[in-house]
Amino acid sequence: MHLPTSPGPIGVFDSGYGGLTILEAIRTQLPEYDYLYLGDNARAPYGSRSFELVYEFTRQAVYKLFEMGCHLIILACNTASAKALRTIQQHDLPQWDKQRRVLGVIRPTVEALGNITHNGHVGILATEGTIRSESYAIEIRKTYPHMKVSGEACPFWVPLVEYNEVDSEGADYFVHKRISSLLTKDPLIDTLILGCTHYPLLMPKIQQFSPEGTHIMAQGIHVAESLKLYLQRHPEMNERCTRRGRTHYLTTEQPETFQNNAHTFLRTDIRAEHIDLD
């Protein structure tokens, strides 16, 4: 397999739109770099799909981004990070190119926990697939074995965001219901991890229905800070990332649909191109 060797953009992959919240946080921290965002919107959502299918879809997207010049890719998708990242890192990268890297969003979020929670009681709000994978619980216990971790799947939260219902009575009902259910499992939770990149758009509701003083962790800032440190620690990778301050958007959906829906996440107009992965 012959991949381009010249420097290229940083790749950002998500199953759909939520990864745009990660991209925006990264661009805020590192505005000088070029980015290539790929949303597999035609096959979203990933949350309820099997490990095998999420791995295969993610693998296709990662290789496509490598073919398009990326040397470093961020999986800005919790489901892909939970179900595909480790296999891609251990199995595929050694075959494709040992110098390329794929990073996820779970570890940077977990690493930041130590400076945020005061009592070690942590709640995870995420999709069904991420909760079922126990990826957050496993990663937290590796880093902070003393912490108590509870999780709650929030199956209706993504549609609330994508259908622009974040200010509706339905959002009140479903956000309150899931947070209440999580707190029933552990009333001492003082920190909530938003383990899905769509959820920051529900932040006002999440804050409204969380106990006063609860720390709510949106992932974007932690992923961005982690990436900044990574590039500082790995100058050889930093040299492979181009810097013209440009962002290009790709989608497996119709570009017009992606452009319209992306406005919800970016609050600005963009242009996207269609791409096939299979």
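Check the entry above for the structure.
These notes cover the structure that comes with them. (Residues numbered from 1 in each chain as written. Predicted model: local features only at pLDDT ≥ 70, side-chain atom pairs only at ≥ 80, totals over all residues. Heavy atoms only, no water.)

1. Considerations on the layout of surface pockets
The condition is simple: A 1.4 Å probe that fits but cannot get out identifies a cavity on a 1 Å grid over protein atoms alone, an open set with protein on both sides within 12 Å along at least five of seven lines counts as a pocket, and a residue lines either if it has an atom within 4 Å of a point. Grid points are joined across faces, edges and corners, and a volume is the space filled by probe spheres set on the points. Each helix is a run of H or I in the DSSP string that is no shorter than four residues. Each strand is a run of E no shorter than two, and both are numbered from the N terminus. Polar here means any residue other than Ala, Val, Leu, Ile, Met, Phe, Trp, Tyr, Cys and Pro, which are nonpolar, and Asp, Glu, Lys and Arg, which are charged; Gly is therefore polar.
Reported here for the largest pocket is a volume of approximately 810 Å³. Along its surface, the largest pocket is lined by 31 residues, and Leu85, Ile106, Arg107, Pro108 and Glu139 are the ones closest to its centre. Where the lining of the largest pocket is concerned, the elements lending two or more residues are helix H3 (78–83), helix H4 (85–96), helix H5 (106–113), helix H7 (135–143) and helix H11 (220–233). It is H11 that provides the largest number of residues to the lining of the largest pocket, a total of eight residues. When its residues are assigned to classes, the lining of the largest pocket shows 15 nonpolar, nine polar and seven charged. As a volume, the second largest pocket reaches approximately 530 Å³. What lines the second largest pocket is a set of 30 residues, among which Pro45, Tyr46, Val158, Glu162 and His198 lie closest to the centre. Of all the secondary structure elements, the ones that give two or more residues to the lining of the second largest pocket are H3, helix H6 (128–133), helix H8 (157–162) and helix H13 (255–266).

2. Overview of the sheet that holds strand E9 (residues 247–251)
Heads up, the condition is: If DSSP finds at least two bridges between two strands, the strands pair. Fitting a line to C-alpha atoms yields each axis, with helices limited to the stretch in contact; the angle taken between N-to-C directions then spans 0 to 180 degrees.
Strand order in the open sheet formed by six strands is E4-E3-E1-E2-E9-E10, with parallel pairing between adjacent strands. Each edge of the open sheet carries a strand with a single partner, namely strand E4 (101–103) and strand E10 (272–274). Across the sheet, the axes of successive neighbouring strands diverge by a mean angle of 25°, strand direction being ignored. Sheet topology note: the strand E1 (residues 10–14)/strand E2 (residues 35–39) ladder contains five bridges and is parallel. Paired with valine 12 across the strands is tyrosine 37, a residue of E2.

3. Considerations on helix H1 (residues 19–29)
Definition in use: Relative accessibility under 20% of the residue-type maximum defines a buried residue, over 50% an exposed one, and the middle range a partly exposed one, all with a 1.4 Å probe and only protein chains included. By definition, residues are in contact when any of their heavy atoms lie within 4.5 Å.
Within H1, burial applies to Gly19, Leu20, Thr21, Ile22, Leu23, Ala25 and Ile26. The elements touched by buried residues of H1 are E1, E2, strand E3 (72–75), H11, E9 and H13.

4. Structural notes on the packing of H5 against H11
Here is the rule we go by: Angle categories are assigned with fixed cut-offs, so that under 35 degrees is roughly parallel, over 145 is roughly antiparallel, 65 to 115 is roughly perpendicular, and the rest are oblique.
Where H5 meets H11, the closest approach of the two axes is 8 Å, and the angle between their N-to-C directions is 100°. With respect to H11, the element H5 is oriented roughly perpendicular. Contact with H5, carried on its side by Pro108, Thr109 and Ala112, involves His222, Val223 and Ser226 of H11 and no other residues of that element. Looking at the contact of H5 with H11 residue by residue, the classes come out as three nonpolar, three polar and no charged.

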